Amino acid sequence: LAIIYQPVDRVFMPEEKPDKYWLRRLVPYIVFEDYKALTKIERTLRIIGFRDYRIYNSGNLPLDLHKMNRVWICLPRNELGQRQLKQYQERAKFTFVKNHRKSIIQWQPNRKGSTPLIIHSPLSKYLEEQRKERPGGVWSAEHGRMLAKDFAIIARFSDMNGRKKMPSDPLKDFFLAGIRGLGTWGAGWFLDRCYNDFEGKCERPNSDVQFLLEVTYKNERILSVHDVSQKSQSYFDAENNLQTIRKRIRENT
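1. With respect to the packing of aromatic side chains
Reasoning step 1: What the rule picks out here adds up to 12 aromatic pairs.
Reasoning step 2: Geometrically, the ring pair formed by Y88 and F157 is stacked, given 4.8 Å between the ring centres and 10 degrees between the ring planes. Placement of the pair is Y88 in the loop between α2 (79–85) and β4 (94–99) and F157 in strand β7 (residues 147–158), with a sequence separation of 69 residues. One exposure class covers both Y88 and F157, and it is buried.
Reasoning step 3: Members of the aromatic cluster, each reached through a chain of ring pairs, are Y88, F94, F96, F157 and F175.
Reasoning step 4: Here K231 stacks its cationic end above the ring of Y235, 4.9 Å away from the centre of that ring.

Laid out in structure tokens, this is it:
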């Protein structure tokens, strides 16, 4: 099993002249939310007694990756994961796309001829509403004491075109990703805490499994993660509405 994450891209770092970036950093680092998701995946693997796995960043993949089961983390930034997902575009209910430089999920609960739902992350609005008095400076406990939401995907596909010799037991691609980092963290939390929700959907070992999740954060931890795969466009529009967001904040303070 290969677990593949996308390290923080240097395009977000200040430009340096001369460039001595790698004199100060040993390896590309990972954002906090992705790290939390990885620890949840590792915990789940330990619980089931599975030890045969490695974690790779997307710039250092093994040559025999095609012979492994693969877990792709954080799709909006993970170009290789996005490329792998295209292999399943006829089966996948979801895609991550850019809309005015922001990532969104397009979700089709019923694949056949349905118009995809457009799902935005409300996280930026939650941050603006609760941190506008303290938008910067050194991190403090006050920055962490807040409510926030995001949406995420967990999916599993059987690679019927893979090179494993036994077609009855094909390799798998797993996708675990939020629109923002919070969603990725929450997807890992769901895998760790809500494994009963997979019962029934995973009865057939080669069937596709696809969840659309709503992640709620409160005071530096994940408060809850719910399966919202069957919700309508009006639900997601309401969760991005500023009045709804202000109501949620009032109810949780």
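2. Describing helix α7 (residues 242–251)
Given 3.6 residues to a turn, an α-helix orients residues that are three or four positions apart in the same direction.
Reasoning step 1: Residues T244, I245 and I249 constitute the buried set of α7. The buried residues of α7 occupy an angular sector of 135 degrees when projected down its axis, which confines them to one face. Every exposed residue of α7 that faces more than 90 degrees away from the buried side is listed here: Q243 and R250.
Reasoning step 2: Of the surrounding secondary structure, the elements contacted by the buried residues of α7 are α3 (123–131), β7 and α6 (233–239).

3. Re the pattern of salt bridges
Reasoning step 1: If you walk through the whole model with that rule in mind, you get 12 salt bridges.
Reasoning step 2: Between R246 and E129 there is a salt bridge whose closest N-O contact spans 3.1 Å. Highlighted residues: R246 in helix α7 and E129 in helix α3, separated in sequence by 117 residues.
Reasoning step 3: Taking the shortest distance from any N to any O, the salt bridge between R145 and E142 comes out at 2.4 Å.
Reasoning step 4: Members of the salt-bridge network, linked through shared partners, are K40, R43, D192 and R193.

4. Considerations on the sheet that holds strand β5 (residues 102–107)
Reasoning step 1: Strand order in the open sheet made by the three strands is β4-β5-β6, with antiparallel pairing throughout. Each of the sheet's edge strands pairs with one partner strand only, and the pair in question is β4 and β6 (117–119). The sheet shows a mean angle of 30 degrees between the axes of neighbouring strands, direction not considered.
Reasoning step 2: When β5 meets β6, the two strands line up antiparallel, connected through three bridges. Following the sheet pairing, Q106 is matched in β6 by I118.

The rules behind the values
- Numbers given for residues are sequential positions, taken from 1 along each chain in its written order.
- Per-residue local features of the predicted model are confined to residues with pLDDT of at least 70, and side-chain atom pairs are confined, for both listing and counting, to 80 or more; whole-chain, interface and lining totals are unaffected and use all residues.
- To obtain the side-chain values, all non-hydrogen atoms of the structure were included, while hydrogens and water were left out.
- Any Phe, Tyr or Trp ring, taking Trp's six-membered ring, that has another such ring centre within 6.5 Å forms a pair; planes under 30 degrees apart are called stacked, those over 60 apart edge-to-face, and the others tilted.
- Only runs of H or I of at least four residues qualify as helices and only runs of E of at least two qualify as strands under DSSP, and these elements are numbered from the N terminus.
- Residue exposure (1.4 Å probe, protein chains only): buried if accessible area is under 20% of the type maximum, exposed if over 50%, otherwise partly exposed.
- To sit over a ring, a charge needs its Lys NZ or Arg CZ within 6 Å of the ring centre and within 35 degrees of the ring normal.
- In this context, the arc is that of the directions from the helix axis out to the C-beta atoms.
- By the convention used here, residues are in contact when the closest approach between their heavy atoms is within 4.5 Å.
- Between Lys or Arg on one side and Asp or Glu on the other, a salt bridge is scored when a side-chain nitrogen of the former is within 4 Å of a carboxyl oxygen of the latter.
- DSSP-based pairing: two strands are paired if at least 2 bridges between them are found.
- Helix axes are fitted to C-alpha atoms over the stretch in contact, other axes to C-alpha atoms as well, and angles between N-to-C directions run from 0 to 180 degrees.

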